[in-house]
Amino acid sequence: MIEKVGLSKDQLDRYPHEFSGGQRQRISIARALVLNPKLIILDEAVSALDVSIQSQILNLLIKLQKEFNLTYIFISHDLNVVKHLSDRVGVMYLGQMMELASTDKLYENPLHPYTKALLSAIPSIDPKEKKERVILQGDVPDPSDPPSGCPFRLRCPMAHERCAEEKPEFKQIEEDHWVACHLYD
Ligand code: SF4
């Protein structure tokens with residue numbers, strides 16, 4: 001398994017401090033794979049790595065997914081990385097699902113105001129592309145004491161009276177696209 005993740009058997013006797021961050025991440029992946037899983041949860045798996053190492057680990061994950069027929073739940077704040085790796089994306093706020101869609105639908109037609117704000121913050125490499133950045137006001141509330149109604153209402157630019165009174169239902173809007181927002185009732 002150590003060879004499957006791009007390391008060699010003679011490295012197995014080394015101490016942890018003798019490995020780089022990327023190599024340690026490869027070891028973590030090998031440790032998960034020896035259990036022969038169907039599902040692997042990757043929680044901020046590449047966020048601590050240098051960008052060039054990030055892409056190596058992401059490519060390794062994609063290769064291993066095909067080879068071992070794996071499903072990943074990939075948790076990240078990096079929306080470019082999420083887009084690169086995912087078939088479906090769920091956007092969460094205060095531990096609750098705000099929007100869920102196939103990757104193409106979510107990135108091409110985001111519906112929830114929180115998703116729109118997140119996507120507007122992705123920098124573009126095209127200097128001609130003009131993006132309108134949505135800046136959210138305020139801070140994330142305490143998850144143990146969430147606001148009434150919609151969890152996002154204190155920061156939502158589209159919030160209205162009903163949002164404070166009633167929690168929006170998480171419902172399907174079109175094929176493979178769900179959202180929790182009163183704007184789509
Ligand atoms: Fe904004 Fe209201 Fe929709 Fe919540 S339900 S995201 S506060 S518009």
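Residues numbered from 1 in each chain as written. Predicted model: local features only at pLDDT ≥ 70, side-chain atom pairs only at ≥ 80, totals over all residues. Heavy atoms only, no water.

**A look at the packing of aromatic side chains**
A full pass over the atoms with the stated rule returns three aromatic pairs. With a centroid separation of 4.8 Å and 65° between ring planes, the pair formed by Tyr-93 and Tyr-114 is classed as edge-to-face. Of this pair, Tyr-93 sits in strand E3 (residues 88–93) while Tyr-114 sits in helix H5 (residues 113–120), and the two are 21 residues apart along the sequence. Since its relative accessible area comes to 14%, Tyr-114 is described here as buried. Where Tyr-114 meets Phe-152, the ring centres are 5.1 Å apart and the plane angle is 50°; that geometry is what we call tilted. (Phe/Tyr/Trp six-rings, centres within 6.5 Å; stacked < 30°, edge-to-face > 60°. Helix = DSSP H or I, 4+ residues; strand = E, 2+ residues; numbered from the N terminus. Buried < 20%, exposed > 50% of the residue type's maximum accessible area, 1.4 Å probe, protein only.)

**Digging into the pattern of salt bridges**
Inspection of the entire model under this criterion finds six salt bridges. Lys-4 is the salt-bridge partner of Glu-67, the closest N and O atoms lying 2.6 Å from each other. Here the residue Glu-67 occupies a position in helix H2 (residues 51–68), and Lys-4 occupies one in the segment before helix H1 (21–33), the gap between them amounting to 63 residues. Judged by its relative accessible area of 39%, Glu-67 falls in the partly exposed class. Salt-bridge contacts for Glu-67 lead to Lys-63; the nearest nitrogen and oxygen are separated by 3.8 Å. A residue pair is termed a helical-turn pair when its members lie 3 or 4 positions apart in one helix, as Glu-67 and Lys-63 do in helix H2 at four residues. Beyond isolated ion pairs, a larger network of salt bridges with shared partners links Arg-162, Glu-166, Lys-171 and Asp-185. (Salt bridge = Lys/Arg side-chain N within 4 Å of Asp/Glu carboxyl O.)

**So, the sheet that holds strand E5 (residues 170–174)**
Here four strands make up an open sheet; going across it, the order is E3-E4-E6-E5 and the pairing antiparallel. Strand pairing shows two members of the sheet lacking a second neighbour, E3 and E5, which therefore form its edges. Pairwise comparison of adjacent strand axes, ignoring direction, gives a mean angle of 25° for this sheet. In this sheet, strand E4 (residues 96–102) lies alongside E3 in antiparallel orientation, the contact comprising six bridges. (Pairing = 2+ DSSP bridges. Axes fitted to C-alpha atoms, helices over the stretch in contact; angles between N-to-C directions.)

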